[in-house]
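Tertiary structure, described
Letter by letter, the chains look like this.
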Amino acid sequence: MTHTEVMTDQDLIRISVAQPETFGQIFDRHATTIHHYLARRVGRSLADDLTAETFLIAFRRRDNYDVSHQDCRPWLYGIAANLLRGHQRAEIRQYRALARTGVDPVYAADDRVEARVDAADEVRALAGVLAKLAPGERDVLTLVSQAQLSYPEVAQALGIPVGTVRSRLHSARKRIRTALGHDGGLDDE
Amino acid sequence: MNDLELVERFRADLPPADPAALSRARARMFHTPPPPRRRWAWGLVPAGALAAAVTVAVVTARPEDPAPTAVPTAPTTSAPVTAIDAAGVFRLAAAEARTQPALVAKPGQFVYVESIDATDNVENLETKPTWVPPKEINRKIWLAADGVKAGLLRTTVVKTGEVNEMPLDGRTAPAYVTDLPTDSKKMRDWLYSGPDTGNGADATAWNKIGDTLREQYLPPDAQAAIFEAAATIPGTTLVKQADVAGRKGIAVSRLADSKDVRFDYIFDARTYDFLGERVVVVGDLKPYPKGVVSRWTAQLRVAIVDRAGQLP
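Chain B goes by CU044_5270 family protein in an unreviewed UniProt entry, where it is assigned to Paractinoplanes toevensis.

Going by the annotation in an unreviewed UniProt entry, the name recorded for chain A is DNA-directed RNA polymerase sigma-70 factor, with Paractinoplanes toevensis given as the source organism. Per UniProt, chain A carries the Sequence similarities (unreviewed entry) text "Belongs to the sigma-70 factor family. ECF subfamily."

1. Details of the interface of chain B and chain A
Taken together, the 49 residues of chain B in the interface contact 64 residues of chain A. Each partner contributes to the roughly 5,100 Å² buried at the junction of chain B and chain A, and carbon and sulfur atoms together form 59% of this total. Taken together, the connections running from chain B to chain A amount to five salt bridges. For arginine 11 of chain B, the salt bridge is made with aspartate 104 of chain A, and the minimal N-O distance between the two is 2.9 Å.

2. Digging into unusual backbone geometry
Unlike most non-glycine residues, glutamine 148 of chain A shows phi in positive territory, near 60°. Structurally, glutamine 148 of chain A is set in the loop between helix H8 (135–145) and helix H9 (151–158). Positive phi, close to 45°, is recorded for glutamate 215 of chain B, a residue that is not glycine. Looking at the element boundaries, glutamate 215 of chain B is found in the loop between helix H6 (201–213) and helix H7 (220–230). Overall, the relative accessible area of 0% leaves glutamate 215 of chain B in the buried class.

3. Here's the deal with the confidence of the model for chain B
All names here are of chain B. Averaged over all residues, the pLDDT of chain B equals 78, while 79% of them reach at least 70. The lowest-confidence element of chain B is helix H3 (residues 54–61), averaging 28 in pLDDT; the highest-confidence one is H7, averaging 96. Ignoring residues within four places in sequence, the model shows residues 33–80, a span with pLDDT below 50, making 136 contacts including any to other chains.

4. Some details on helix H1 (residues 9–18) of chain A
Of all 10 residues that make up H1 of chain A, eight are buried, and the element is covered over most of its length. Residues of H1 of chain A that are buried include every one of Asp9, Gln10, Leu12, Ile13, Ile15, Ser16, Val17 and Ala18 of chain A, and no others.

Conventions and cut-offs
Residues numbered from 1 in each chain as written. Chains lettered and ligands numbered in written order. Predicted model: local features only at pLDDT ≥ 70, side-chain atom pairs only at ≥ 80, totals over all residues. Heavy atoms only, no water. UniProt positions renumbered as here; feature names shortened; annotations may be inferred. Contact = heavy atoms within 4.5 Å. Buried area = accessible area lost by both parts, 1.4 Å probe. Salt bridge = Lys/Arg side-chain N within 4 Å of Asp/Glu carboxyl O. Helix = DSSP H or I, 4+ residues; strand = E, 2+ residues; numbered from the N terminus. Buried < 20%, exposed > 50% of the residue type's maximum accessible area, 1.4 Å probe, protein only. pLDDT = per-residue confidence, 0-100.

Put into structure tokens, the structure is as follows:
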């Protein structure tokens, strides 16, 4: 495989408009990361499909990629988050099951990973909150803490103002803290 | 552990994606099964070149045609008709298509398409990206008319004569297409019926034209309906000089939203036979020199044969 470290995502995507094979490099760079994010939300099996879907959509849209952004991860996460909207019920059902039983279906339903039993109380409480969050809050919370995107990157991914990222995160965190029995104050951002 | 750390660790130990699943996802990106065929997976089978019956006429039914380099002569019938806009070219192409006899294919037979597909390249991606002009490849493809039997692709590098043969998996869509509308209004609805590929409804419909004409056989009425429907897609322009494979062409063009790249459907400038497609870099798109043709396809021949590998 060609080493293309010095090429930014932006360069590769621009080239890929006329030379589609180049988009394979974008896949090779980011597919594992996107898959992991998706798997953490809906399980690995569905993540397989959604990863394929995410990159298929990205590939088709590459000719109007906003070339002012050098790193295309926020763009990919945005597509992935949008696809997850179509699978909210499955996602929420699994959070609920975990909250109720302490067994995480994302592990239990996947014979490729060891089943986990008896999740810690705070994990069950978290799952209960994740099940109840507004979809936009769940996106922001997971993109910040799991995908490790910055606020501006989350804003770019979801197509919302940075202020909205802050307020959604604040609201989601408050609910988790309440559920965990912590006080309502936020010590860090 | 604070609340954010808790979320951060939640399911963080899920194992990474199965490599096989990723490799399937990667392949799917370049090769989504037809229909519609993917516009840009030209290097992958079975997408690759163009197909339409009109070319048969160019090659076989018009022996009186001058050699490609000869001075154009007037059309053999009536007064010369000249299209003055993009929609006009499509309408004349539709009229031309309707005059063509339909090819007949029986179950078990193969659609044979010969084309020249020229694809450029960008070398030294990692150090100094350099554009390398399109390399011409002659493609001969055999696809089961009913989609049942396995097909065959034979490529020949025009410059070196290097030949490569590849069996093609069966279970494709029938290459002899019988289920398309023959009425322009219904065809337009069909062109616009797919999900928006993210480029906007018009661009999506525009791309679907090429995807539908490429390497399969459409009866003349369906082909004419496609051109008539294409005449109604907004945003097209006429490019008068668009020669392809030595044939004098006229192109109907549409810019990508990025404005960097223009997609041309090319017709014979005199007869309005469909000749092929090309992609022209019109904006600043490094490392492409501005104005170069990035790739082009000329369809040479479409025929029905009894078995894969058999020349008509």
